[in-house]
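Read off the chains here:
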Amino acid sequence: MAHFARHRRRYLWLAGILAFSLALLLGRSLWDHVAFHREDYPQIYTVHPQIIAVEMNTGNIERAEQVPYRVQPGDRLIERNDGQWVQRMGQVIGNPIGQNQDLLYNFDQYSGADLDLVKADQIQSYRLESPDDRQYETPQIPIAIYRKSKPTDMAELNRADRQWPLRHRLYLRFAEPLSQGKTYRLTFPGLGRDPLTFRYDPQHHWSEAIHVSQVGFHPDDPLKQGFLSLWMGNGGGLTYGDHLQFSLVDDQRDGYAIADRPLFTGRAEHRKGPQDPEDPRDRNYTQTDVYSLDFSNFRRPGRYRLCVAGVGCSWPFEIARDLWEKVFYTVARGFYHQRSGIALTAPFTDWQRPRPFHPEDTPIYQSQVSLMETNMGIGDRNVFEALQAETSTTPVPEAWGGYFDAGDWDRRIQHLEATRLMLELVEISPKITEIPLNIPESDNALPDIIDEALWNLSFYKRLQLPNGGVRGGIESTSHPKRGEASWQNTLPTYVYAPDPWSSYLYASGAAQVAWILRERNPSQAEDYQKSAIAAMNYAEAQWPQLQGADTPHQVRDARNLAAVELYRLTGDPPWHQIFLETTVFSDPAAPTMVWAKHHQRDAAFVYARLPQSQADLRVQSQAYNALIREANATLAQSDQTAFGWTKDDPYQPIGWGASFGSPKAIALVRGHVLTRDPRYRKGAIAASQFSLGANPDNLTYTTGLGLNHPQHPLILDARVQGKAPPPGIPLYGPLDAQRFPDYWQWERLRPVTFPDVSQWPTTEAYFDVFLFPAVTEFTVMQTMGPATYTWGYLAATDP
């Protein structure tokens, strides 16, 4: 039986993958099964008949934790620009936590030896031999070696020092190809590592080079596709040649056996080369050849692996009729996990957390500064400086609820963008209301998705003043203190003052939900209608002072959206007139959005669906045409990219909310709603593949989704508690280092990343490092809303 040195990968695995058994091991090489069991990630695999990949992970972290703080003689509390610290015997040992400072959040502990990179990069450090392959009877050294290394987390050893667990992947090219079915032994002279023995059986073992959705497909999905590609660090991209055979293999386990007979075969088709541009910037974001593995005609439900001859296999994935429902359920419940103001408890989740930011526990006061004025809104005032300068001691007992913005704890009116998308799902695909989400409101008469939308809207409704003005959210005077969980916040926290922009945005959301609730709950619909009109009237009273060439387009766009929603709801001509005066679609060539000028795609979609008798037919037709042009441009973008991903704007740089963590498919969904052209729904599936794991990292970017998902997102409550992140949170994803070369975290990563960060393909520039906001953070409106909308639409519509 083949022997393998094992190590434990620091990624937690979902339950449900069958355990290994001794009987199975006796029948087949351990490698065949290690590749599909996440607790024992393979150390060795092939990516080509002549290239063996070896993965070496270095470094272990014992997480910082909150411990009881017992004052010792000589302890000092010191104030610094980054918070309050405890100093003991001249050494900083952590942060005091809580109102009573009876807890201490200490530092991470790092252990483990580094890899000797000088020796690791030398071909003499490796020998490959075989007892049954004559080409390797005599140990052979590689003819070339390549490497890529990246951090897999970050240890904070003290205030200044960081240490990085690393994943090194080394690619050993040999002069002769391996022979299928033969056994090989790789030794490491001088590296001090145990030999690795494996059987070359690419029909069974995992390979980094095969990429496919981690979740899978519906049997009737018009697109089922994987990819073949590899970038080898300083070895560059790998070209496989055309028409390699691939196969679909059953991964269902019958006792201890795995079915081997291919159920589908096809040929890899070259999709993009390393120099082919993928957007109007003439950029290639992959830096290697990418091949399509299309099995769209295969429809049988089951659990499968996608295997390429001579290379290896993908992670397992499903073909199942409830596939998209399960994906939607996971990501939609991410909103529950972001709720503020209530405890997260069983039976609604296993990811439990005390009640945070409720005025009964955390004082919340009224500020004199509005969200609209600050850089957290659409202004230029530093939000923290503004809040500290314009404070008050007026409590706001109604200021609870909403969603935490991201990994930290502010709440902003922009979150209503995600709520709009949830409610729009109810409008365009009513079957979405049949999917339960297991939330505290599940026992009432409303569908869960509407209840989830109301959770957020009700927060801003509570922040509405008697004059109709809506306050845009809640923020503290600084980023969260190190070591404090959300329910332990000691920072001064304030409700923004009302402003017209926030009021317009709330008015559109309240009008939308009133329209949806007309038959489901008439009294609640009437209540929200009155609230929407009050908010609109407040904002309109401010409008004369806002008009002018320097009026932020976001205010004009919010006014336009609120007007069309109120017109749809009430039929009152004055709202229609405001919409017509502020719409860009009086111009037949106007796009739905232009950066820094206008963003009216949401209003266009509302107006395009109005009965013709209620609309200006010319404006309606031009809004409709703009939406279809946008959908067509998104399809063209997907066709141009190697992995089928898209952008909301073809010229957008890749980073933050414009990265790959959630699909950019809103235009495709709306195109399908308006035309029923199946190309658009198929395009939404294609645009989702990269986010769902069909990417060079073979990783979904949503916590808890798929076999291989992020473990170290910037979610402070998870980090402080030392537990896995809550499921259902789509992260930003990779960051384009060429477009953002001066981002602060690159300088920290540069010494431990190889090749240099500037040389990494953007599609592989995801670093699962906790403190990397541009990559491992997220927002409610930029990632959570679009992912829930797209995958919800696929769940609630027939292929």
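Residues numbered from 1 in each chain as written. Predicted model: local features only at pLDDT ≥ 70, side-chain atom pairs only at ≥ 80, totals over all residues. Heavy atoms only, no water.

Trainee: Can you help me understand the overall build of the protein chain in this one?
Mentor: Each helix and strand in the protein chain was counted, giving 20 helices and 34 strands. Relative to a compact globule of 799 residues, whose C-alpha radius of gyration would be 28 Å, the protein chain shows 28 Å and is just as compact. Classification of the 799 residues of the protein chain by burial places 62% in the buried group. In the protein chain, of all internal contacts separated by at least 6 residues, the share reaching a separation of at least 24 is 71%. Only carbon and sulfur atoms are counted for the fraction: they give 49% of the accessible area of the protein chain, which is about 29400 Å². Averaged over its 77 positive side-chain charges, the protein chain has a centre that lies 3 Å from the centre of its 92 negative ones. (Helix = DSSP H or I, 4+ residues; strand = E, 2+ residues; numbered from the N terminus. Rg over C-alpha atoms; globule rule 2.2 N^0.38 Å. Buried < 20%, exposed > 50% of the residue type's maximum accessible area, 1.4 Å probe, protein only. Contact = heavy atoms within 4.5 Å. Areas by Shrake-Rupley, 256 points an atom, 1.4 Å probe, with all protein chains shown as cover. Lys, Arg positive; Asp, Glu negative; His and termini not counted. Charge placed at Lys NZ, Arg CZ, Asp CG, Glu CD.)

Trainee: How should I be thinking about the state of the cysteines in this particular structure?
Mentor: Each disulfide consists of a covalent bond between the sulfur atoms of two cysteine residues. Using the criterion set out here, one finds 1 disulfide in the structure. Across a sulfur-sulfur distance of 2.1 Å, cysteine 307 and cysteine 313 are joined as a disulfide pair. Between cysteine 307 and cysteine 313, the disulfide has an S-S torsion of 100 degrees and is therefore right-handed. Grouping residues by exposure puts cysteine 307 and cysteine 313 together as buried. (Disulfide = S-S within 2.5 Å.)

Trainee: Quick question: what am I supposed to make of the pattern of salt bridges here?
Mentor: Close approach of charged atoms allows side chains of opposite charge to pair. Taken as a whole, this structure holds 48 salt bridges when the rule is applied. Taking the shortest distance from any N to any O, the salt bridge between aspartate 697 and arginine 167 comes out at 3.8 Å. Of this pair, aspartate 697 sits in the loop between helix H16 (678-689) and helix H17 (716-721) while arginine 167 sits in strand S14 (residues 166-173), and the two are 530 residues apart along the sequence. Taken individually, aspartate 697 and arginine 167 each receive the classification buried, so the pair is uniform in this respect. Salt bridges sharing common partners tie together Glu55, Lys148, Arg169, Glu208 and Glu764. (Salt bridge = Lys/Arg side-chain N within 4 Å of Asp/Glu carboxyl O.)

Trainee: What is the right way to look at the sheet that holds strand S31 (residues 473-476) in this model?
Mentor: Strands in a sheet are paired, the pairing made by backbone hydrogen bonds, and the direction either parallel or antiparallel. Strand order across the open sheet formed by 4 strands is S29-S32-S31-S30, with mixed pairing between neighbours. Looking at which strands have only one partner, the edges of the open sheet turn out to be strand S29 (365-370) and strand S30 (411-412). As judged from the 3 bridges shared by S29 and strand S32 (residues 493-497), these two strands associate in the parallel manner. By the bridge assignment, tyrosine 365 is partnered in S32 with tyrosine 494. (Pairing = 2+ DSSP bridges.)

Trainee: Before we go on, may I ask you to explain the packing of aromatic side chains in this structure?
Mentor: Within a pair of aromatic rings, the relevant descriptors are the distance that separates the centres and the angle that separates the planes. By the definition in use, this model includes 39 aromatic pairs. When the ring of tyrosine 304 is compared with that of phenylalanine 317, the centres are 6.5 Å apart and the planes differ by 50 degrees; the resulting orientation is tilted. Of this pair, tyrosine 304 sits in strand S26 (residues 302-308) while phenylalanine 317 sits in strand S28 (residues 317-319); the two residues are 13 residues apart in sequence, bridging distant segments of the chain. Given the relative accessible area of 2%, tyrosine 304 is considered buried. A relative accessible area of 1% places phenylalanine 317 in the buried class. Chaining the aromatic ring pairs together yields one cluster made of Trp231, Trp656, Phe740, Tyr743, Trp744, Trp746, Trp760, Phe767 and Phe772. When the ring centre of tyrosine 528 is taken as origin, the NZ or CZ atom of lysine 461, which lies over that ring, is 5.4 Å away. A cation over an aromatic ring shows up here: arginine 462 above the ring of tryptophan 400, its NZ or CZ 3.8 Å from the ring centre. (Phe/Tyr/Trp six-rings, centres within 6.5 Å; stacked < 30°, edge-to-face > 60°. Lys NZ or Arg CZ within 6 Å of the ring centre and 35° of its normal.)

Trainee: Teacher, can you tell me more about the environment of proline 359 here?
Mentor: Topologically, proline 359 is positioned in the loop between helix H5 (334-337) and S29. Exposure remark for proline 359: the relative accessible area of 21% places this residue in the partly exposed category. Each C-alpha atom of the pair proline 359 and tryptophan 400 lies 6.8 Å from the other, and the pair is 41 residues apart in sequence. Ignoring anything within four residues of it in the chain, the contact list for proline 359 reads Ile364, Val396, Pro397, Ala399 and Trp400.

Trainee: Which parts of the structure should I look at to understand the sheet that holds strand S4 (residues 66-68)?
Mentor: Pairing in this open sheet of 5 strands is antiparallel, and the strands run S4-S8-S7-S6-S5 from one edge to the other. Edge strands, defined here as strands with exactly one partner in the open sheet, are S4 and strand S5 (76-80). Looking at each pair of strands side by side, their axes are set apart by 45 degrees on average, direction ignored. For S4 and strand S8 (residues 103-105), the ladder comprises 3 bridges, and the chain directions are antiparallel. The partner of valine 67 across the bridge, within S8, is leucine 104. (Axes fitted to C-alpha atoms, helices over the stretch in contact; angles between N-to-C directions.)

Trainee: Where do I start with helix H4 (residues 323-332) in this structure?
Mentor: Think of an α-helix as 3.6 residues a turn; residues three or four steps apart then line up on the same face. The element H4 is largely enclosed, with a buried count of 7 among its 10 residues. Within H4 the residues assigned to the buried category are Leu323, Trp324, Val327, Phe328, Thr330, Val331 and Ala332.

Trainee: Explain the pairing of strand S25 (residues 290-294) here, please?
Mentor: Remark: a regular strand shows side chains that alternate across the two faces of the sheet. Counted residue by residue, S25 has 4 buried out of 5 residues, so it is predominantly covered. As paired strands, strand S19 (residues 225-228) and S25 are joined by 4 bridges and run antiparallel to one another. Its bridge partner lying in S25, glycine 226 is registered against leucine 293. With 3 bridges joining them, strand S24 (residues 269-272) and S25 adopt antiparallel strand pairing. Looking at S25, one finds that glutamate 269 is bridged to serine 292.

Trainee: What is the right way to look at the packing of helix H11 (residues 553-570) against helix H12 (residues 573-582) in this model?
Mentor: Any two packed helices are characterised by the angle at which their axes cross and by the distance between the axes. The interhelical angle for the contact between H11 and H12, taken along N-to-C directions, is 145 degrees, at an axis separation of 8 Å. The chirality of how H11 crosses H12 is left-handed. Across the interface between the two elements, Arg559, Asn560, Ala563, Val564, Leu566, Tyr567 and Thr570 of H11 pack against Trp575, His576, Ile578, Phe579 and Thr582 of H12. Taken together, the residues of the contact of H11 with H12 break down into 7 nonpolar, 4 polar and 1 charged. (Left-handed = near helix turned anticlockwise from the far one by under 90°. Nonpolar A, V, L, I, M, F, W, Y, C, P; charged D, E, K, R; others polar.)

Trainee: Explanation requested: the packing of helix H15 (residues 666-675) against H16 in the structure shown.
Mentor: Contact geometry for H15 and H16: axes closest at 7 Å, N-to-C directions at 160 degrees. Overall, the two elements H15 and H16 adopt an arrangement that is roughly antiparallel. Crossing angle aside, the handedness with which H15 passes H16 is left-handed. Facing Leu668, Val669, Gly671, His672 and Thr675 of H15, the residues of H16 in contact are Pro678, Tyr680, Arg681, Gly683, Ala684 and Ala687. A class-by-class count of the residues in the contact of H15 with H16 yields 6 nonpolar, 4 polar and 1 charged. (Parallel < 35°, antiparallel > 145°, perpendicular 65-115°, else oblique.)

Trainee: Would you explain unusual backbone geometry in this entry?
Mentor: It is generally the case that most residues other than glycine have a negative phi and that most peptide bonds are trans. A cis geometry characterises the amide bond from alanine 346 onward to proline 347, with omega recorded as 5 degrees. With respect to the secondary-structure elements, proline 347 resides in the loop between H5 and S29. Across the junction of phenylalanine 754 and proline 755, the peptide omega takes the value -10 degrees, indicating a cis bond. The phi dihedral of aspartate 282 is positive, around 60 degrees, even though this residue is not glycine. Looking at the element boundaries, aspartate 282 is found in the loop between S24 and S25.

Trainee: Explanation requested: the environment of histidine 205 in the structure shown.
Mentor: With respect to the helices and strands, histidine 205 occurs in the loop between strand S16 (193-199) and strand S17 (210-212). In this structure histidine 205 comes out as buried when scored by relative accessible area, which is 0%. Counting along the chain gives 106 residues from histidine 205 to valine 311, while the straight-line C-alpha distance between them is 8.8 Å. In terms of polar contacts, histidine 205 uses its side chain to reach the backbone carbonyl oxygen of aspartate 201, at 3.2 Å. Reaching out from histidine 205, the side chain makes a polar contact with the backbone oxygen of valine 311 at a distance of 3.2 Å. (Polar contact = N/O pair within 3.5 Å; in protein donor to acceptor, adjacent residues only side chain to side chain.)

Trainee: Just checking my understanding: could you explain helix H14 (residues 617-640) for this structure?
Mentor: In this model H14 runs 34 Å from its N-terminal to its C-terminal C-alpha over 24 residues, within 8% of the 34 Å that 1.5 Å per residue would give. If you check the start of H14, you find a side-chain oxygen 3.1 Å away from the backbone N of arginine 618, and it comes from aspartate 616. (Expected span 1.5 Å × (residues − 1).)

Trainee: What is the right way to read the environment of leucine 627 from this model?
Mentor: You can see leucine 627 is positioned in helix H14. With sequence-adjacent residues up to four places away left out, leucine 627 is seen in contact with Thr592, Arg601, Ala604, Phe605, Ala608 and Leu674.

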